[in-house]
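Breakdown of the fold
One letter stands for each residue in the lines below.
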Amino acid sequence: MPPLSHAATFELTDGTTTVTHADTDGTTDMYVAKVSTLGVPEAVYSIASGSASGGSRFGLVSDVIHGAGSDLFATGYWKNGNLTFQNGDILQNPRSGSNSFVAKVSHVDGSVAWSTHITNTLETKMNGVESSVYSGVEVVVTIGYKKVADATASSGQRSDGAIYAWNGASGAALWEH
């Protein structure tokens, strides 16, 4: 029996125009699509993938926004294994729970300027991202939840809301609540 292949083609269409991205490297990719203001698909970019050995086999880009400049900010999460962004950043998740990321992505060609890991001891899932300029600095805020230990809960853990802020230019962490 031949080995299983994860090669696939991701396709986006509006019924008239179709754009595709061929995933031929045997990994699980995360995609960002470029769509015109009229809803016409223009491009599909793979921004990250699980590595062929030890890589994540589940990942999701849950939200993308257009920042103050010409860049996009994407957030999402993945389960166990490494997540390798196309700029070479490798985010590690050694456990079965989800970890989250935020990344700065060029709207021109899908290149990734930076990515960063949002983690805690149990699990994080970021589901939203926003961007605003404060005192001349673009601040990127991700929202979602994190699981924390709680001896009073029947499962031994509970989910708390989570908000993280990042410097949009550098990806440096600013604060979290």
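Residues numbered from 1 in each chain as written. Predicted model: local features only at pLDDT ≥ 70, side-chain atom pairs only at ≥ 80, totals over all residues. Heavy atoms only, no water.

Assigned secondary structure in the protein consists of 0 helices and 12 strands. The secondary structure elements of the protein, listed N-terminal to C-terminal, are β-β-β-β-β-β-β-β-β-β-β-β. Burial statistics for the protein: of 177 residues in total, 41% are counted as buried. When contacts within the protein are restricted to residue pairs at least 6 apart in sequence, those whose partners lie at least 24 apart make up 45%. When the accessible area of the protein is evaluated, it comes to approximately 9100 Å², of which 54% is carbon and sulfur surface. (Helix = DSSP H or I, 4+ residues; strand = E, 2+ residues; numbered from the N terminus. Buried < 20%, exposed > 50% of the residue type's maximum accessible area, 1.4 Å probe, protein only. Contact = heavy atoms within 4.5 Å. Areas by Shrake-Rupley, 256 points an atom, 1.4 Å probe, with all protein chains shown as cover.)

The next thing to look at is the confidence of the model for the protein. On average, residues of the protein score 82 in pLDDT, and 86% of them are at 70 or above. Predicted confidence is poor over residues 1-7, with pLDDT under 50, and the contacts of this stretch with residues over four places away or in other chains come to 6 contacts. (pLDDT = per-residue confidence, 0-100.)

As for its position among the elements, Ser 131 is in strand β9 (residues 123-134). With a relative accessible area of 16%, Ser 131 lands in the buried category. A polar atom in the side chain of Ser 131 sits 2.4 Å from the side chain of Glu 138. Once you skip the residues sitting within four places of it in the chain, Ser 131 turns out to touch Ile 65, Gly 67, Ala 68, Phe 73, Glu 138, Val 139 and Val 140. (Polar contact = N/O pair within 3.5 Å; in protein donor to acceptor, adjacent residues only side chain to side chain.)

Turning to the pattern of salt bridges, a few remarks are in order. Pairing between side chains becomes possible if they bear opposite charge and their charged atoms approach one another. Evaluation of the coordinates by the stated rule reveals 5 salt bridges. A salt bridge links Glu 176 to Lys 146, with the nearest nitrogen and oxygen atoms 3.7 Å apart. Note that Glu 176 is positioned in strand β12 (residues 173-176) and Lys 146 in strand β10 (residues 137-149), a separation of 30 residues in sequence. Here Lys 146 falls in the buried class, since its relative accessible area comes to 17%. With its nearest N and O atoms 2.9 Å apart, the salt bridge here joins Arg 158 to Asp 160. (Salt bridge = Lys/Arg side-chain N within 4 Å of Asp/Glu carboxyl O.)

So, on to a nonpolar patch on the surface. Together, Ile 143, Ile 163, Leu 174 and Trp 175 line one region of the surface with nonpolar side chains, adding up to about 350 Å² of accessible area. Residue position: Trp 175 is located in strand β12. When its relative accessible area of 39% is taken as the criterion, Trp 175 is described as partly exposed. (Patch = residues over 30% accessible without salt bridge, like charges linked within 9 Å, V, L, I, M, F, W, Y side chains within 5 Å.)

Glancing now at the sheet that holds β9. Here we have 4 strands laid out as an open sheet, ordered β9-β10-β11-β12, and antiparallel in their pairing. Two strands lie at the open edges of the sheet, namely β9 and β12, each paired on one side alone. Going from strand to strand, the sheet's axes swing by 25° on average, the running direction of each strand aside. As paired strands, β10 and strand β11 (residues 157-167) are joined by 11 bridges and run antiparallel to one another. Counterpart to Val 141 in the pairing with β11 is Ala 165. (Pairing = 2+ DSSP bridges. Axes fitted to C-alpha atoms, helices over the stretch in contact; angles between N-to-C directions.)

Attention shifts here to the nonpolar core. Within the largest apolar cluster, 15 residues are counted, with the highest numbers of intra-cluster contacts made by Met 30, Ile 47, Leu 83, Phe 85 and Phe 101. Among the secondary structure elements, those contributing two or more residues to this core are β3 (29-35), β4 (41-50), β6 (71-85) and β7 (90-106). The element best represented in this core is β6, accounting for 5 residues. In this structure Phe 85 touches Ile 47, Ala 48, Leu 91, Phe 101, Ala 103, Val 112 and Ser 115, once residues within four positions along its chain are discounted. With 11 residues, the next largest nonpolar core counts Val 102, Ile 118, Val 140 and Tyr 164 among its residues. (Core = buried A, V, L, I, M, F, W, Y, C linked by side-chain atoms within 4.5 Å.)

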